[in-house]
Amino acid sequence: MLTLASKLKRDEGVKTGRPPGGPSDSSHRVSIRDRLLIKEVAELEANLPSTCKASFPDENQLHHFQLAVSPDEGYYQSGTFHFEIDVPEAYNMVPPKVKCQTRIWHPNIAETGEICLSLLREHSIDGTGWAPTRTLKDVVWGLNSLFTDLLNFDDPLNIDAAEHHLRDKENATGTI
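Residues numbered from 1 in each chain as written. Predicted model: local features only at pLDDT ≥ 70, side-chain atom pairs only at ≥ 80, totals over all residues. Heavy atoms only, no water.

The protein chain carries the name E2 NEDD8-conjugating enzyme in an unreviewed UniProt entry, which gives Oncorhynchus tshawytscha as its organism. The Catalytic activity (unreviewed entry) comment attached to the protein chain in UniProt states, word for word, "[E1 NEDD8-activating enzyme]-S-[NEDD8 protein]-yl-L-cysteine + [E2 NEDD8-conjugating enzyme]-L-cysteine = [E1 NEDD8-activating enzyme]-L-cysteine + [E2 NEDD8-conjugating enzyme]-S-[NEDD8-protein]-yl-L-cysteine." Under the UniProt heading Sequence similarities (unreviewed entry), the note attached to the protein chain is "Belongs to the ubiquitin-conjugating enzyme family." (UniProt positions renumbered as here; feature names shortened; annotations may be inferred.)

(A) Spotlight on the environment of aspartate 155. Looking at where aspartate 155 falls in the secondary structure, it is placed in the loop between α3 (136-145) and α4 (159-167). Linking aspartate 155 and proline 107, residues 48 residues apart in sequence, is a C-alpha distance of 8.5 Å. With sequence-adjacent residues up to four places away left out, aspartate 155 is seen in contact with Asn108, Cys116 and Arg121. (Helix = DSSP H or I, 4+ residues; strand = E, 2+ residues; numbered from the N terminus. Contact = heavy atoms within 4.5 Å.)

(B) Molecular detail of α4. Ala161, Ala162 and His165 are the residues of α4 that are buried. Down the axis of α4, the buried side of the element spans an arc of 100 degrees, and every buried residue falls inside it. Of the exposed residues in α4, those oriented more than 90 degrees away from the buried face are Asp160 and Arg167. (Buried < 20%, exposed > 50% of the residue type's maximum accessible area, 1.4 Å probe, protein only. Arc of directions from axis to C-beta.)

(C) Inspection of the pattern of salt bridges at higher detail. Considering all chains together, one arrives at 4 salt bridges under this definition. Ionic pairing is found between aspartate 34 and arginine 33, a salt bridge with its closest N-O pair at 3.1 Å. Accessibility assignment for this pair places aspartate 34 and arginine 33 in one class, buried. The shortest N-O distance in the salt bridge between glutamate 43 and lysine 137 comes to 3.3 Å. Of this pair, glutamate 43 sits in helix α2 (residues 32-46) while lysine 137 sits in helix α3, and the two are 94 residues apart along the sequence. Ionic contacts of the salt-bridge type, sharing partners, join the residues Arg33, Asp34 and Glu89 into one network. (Salt bridge = Lys/Arg side-chain N within 4 Å of Asp/Glu carboxyl O.)

(D) Region of the structure containing unusual backbone geometry. Cis geometry is adopted by the peptide bond preceding asparagine 92, which originates at tyrosine 91 and carries an omega value of 20 degrees. Along the chain, asparagine 92 falls in the loop between β3 (81-86) and β4 (97-100). Even without being a glycine, serine 78 presents a positive backbone phi close to 80 degrees. Among the structural elements, serine 78 can be located in the loop between β2 (64-69) and β3.

(E) Local environment of the UniProt feature "active site" (unreviewed entry) in the protein chain. Per the UniProt record, "active site" (unreviewed entry) is annotated on Cys116. Mapping cysteine 116 onto the fold places it in the loop between β4 and α3. Classification of cysteine 116 as buried rests on a relative accessible area of 15%.

(F) Highlighting α3. Buried residues dominate α3, accounting for 7 of its 10 residues. Every buried residue of α3 is listed here: Leu136, Val139, Val140, Gly142, Leu143, Asn144 and Ser145. Its buried side turned inward, α3 meets α2, β1 (52-55), β2, β3 and β4.

(G) Quick peek at the packing of aromatic side chains. Here the structure, examined in full by the defined rule, presents 7 aromatic pairs. With 5.8 Å between their ring centres and 85 degrees between their planes, tyrosine 76 and phenylalanine 81 make a pair best called edge-to-face. Across the pair, phenylalanine 81 and tyrosine 76 agree in class, each one buried. Members of the aromatic cluster, joined through ring pairs, are Tyr75, Tyr76, Phe81, Phe83 and Phe147. (Phe/Tyr/Trp six-rings, centres within 6.5 Å; stacked < 30°, edge-to-face > 60°.)

If you want it as structure tokens, here you go:
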């Protein structure tokens, strides 16, 4: 998936008339976000959980991609849940924007797709929010964990789903 990196080098050579890898042209700048994403997407693809699949609709726009999570254990086993991830220009100072595209009855995911995951918070009271040292790999592993060990019944986003889960753990799963 390093096609963006190859494209950036190739485009730089075409615009400047210089071979790729030569001295850079100061008028053609690649954003910090895009440089980080080239590295992070390669790391993500090498360390993607077996229950996740990332797809990039436009291989030249690494800042917008989809993630499918198919848990192999727990309440949501055998389901597939789709997320849309947009990485803002201010990344890595701000977290990616993530929305669940699958309607789901989950304590930490609202019916409208908003997600309650501390590492996606720009400012977090408990100190576990976003930090510039976090990466896309952390986001993907966090989303994957929402379906196994990070189910949070104490501070739910979807209170009705949390109460339902606690009342009837056998029948409180699945998509809406």
